[in-house]
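These are the residues of each chain, in order.
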Amino acid sequence: MNPDALDPINRDLLRLLGENGRASFTELGAAVGLSPHATAERVRRLQESGVVRGFTAIVDHAAIGGGLEALIDVRLLAATPPERFEEFVATLPDAREMWFVTGRYDYELRVTCADPEALDGTVRAIRQRGGVAATETRIVMRSRRFPVA
């Protein structure tokens, strides 16, 4: 879907779905001034066009023992294939997200760990088995999500 084709109603639907992906078509329609059927049709088109790729639950990792969130920047060794590193990170139980980035580092990882000792273990595993040249770790003090446009 062409970004220019996103009219104000579709933009509102995306914002509302970003806030509550489980909202009913009746609720969404009432918020944007459409019938439930027209709303369902718009959401279906947004999905078919790839604008909406899926719906997911946002898990509070602190509530399940992962209260320490950190960002780890990783620079790979020249001999490390990126695909091998990505497969390795997928095996780490504390890894939540990974981005291939530009700049001094090759990757940024978001991890949630139970405590500083668990974070230390994750960083050590990355350094020892990930084929990395350097890491830099920052602990997240506070985070906030922002709604879609």
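Everything that follows concerns the structure shown earlier in this document.
Residues numbered from 1 in each chain as written. Predicted model: local features only at pLDDT ≥ 70, side-chain atom pairs only at ≥ 80, totals over all residues. Heavy atoms only, no water.

Visitor: Looking at this model, I keep getting lost on the side chain of glutamate 69. Mind explaining?
Guide: In this fold, glutamate 69 is placed in strand E1 (residues 68-76). For glutamate 69, a relative accessible area of 17% gives the class buried. Of note is the side chain of glutamate 69, whose polar atom sits 2.7 Å from the side chain of arginine 110. In this structure glutamate 69 touches Arg110, Val111, Thr112, Arg138, Ile139, Val140 and Ser143, once residues within four positions along its chain are discounted. (Helix = DSSP H or I, 4+ residues; strand = E, 2+ residues; numbered from the N terminus. Buried < 20%, exposed > 50% of the residue type's maximum accessible area, 1.4 Å probe, protein only. Polar contact = N/O pair within 3.5 Å; in protein donor to acceptor, adjacent residues only side chain to side chain. Contact = heavy atoms within 4.5 Å.)

Visitor: Teacher, can you tell me more about the nonpolar core here?
Guide: If you look at soluble globular proteins, the nonpolar side chains tend to sit buried side by side. Ranked by size, the top nonpolar core spans 19 residues in total, and within it Ile72, Val74, Phe85, Leu109, Leu119 and Ile126 carry the most contacts. Breaking this core down by element, the ones donating at least two residues are E1, helix H4 (82-90), strand E3 (107-113) and helix H5 (116-129). No other element matches E1, which puts five residues into this core. Of all hydrophobic cores here, the second largest spans seven residues; its members include Leu16, Leu17, Ala23 and Val32. (Core = buried A, V, L, I, M, F, W, Y, C linked by side-chain atoms within 4.5 Å.)

Visitor: I keep staring at the packing of helix H1 (residues 8-19) against helix H3 (residues 36-48) and nothing clicks. Help me out?
Guide: Packing of H1 against H3 brings their axes to within 11 Å, and their N-to-C directions diverge by 80°. Between H1 and H3, the crossing angle belongs to the class labelled roughly perpendicular. For the pair H1 and H3, contact is made by Ile9, Asn10, Leu13, Leu14 and Leu17 and by Thr39, Arg42, Val43 and Leu46, respectively. Residue composition of the contact of H1 with H3, by class: six nonpolar, two polar and one charged. (Axes fitted to C-alpha atoms, helices over the stretch in contact; angles between N-to-C directions. Parallel < 35°, antiparallel > 145°, perpendicular 65-115°, else oblique. Nonpolar A, V, L, I, M, F, W, Y, C, P; charged D, E, K, R; others polar.)

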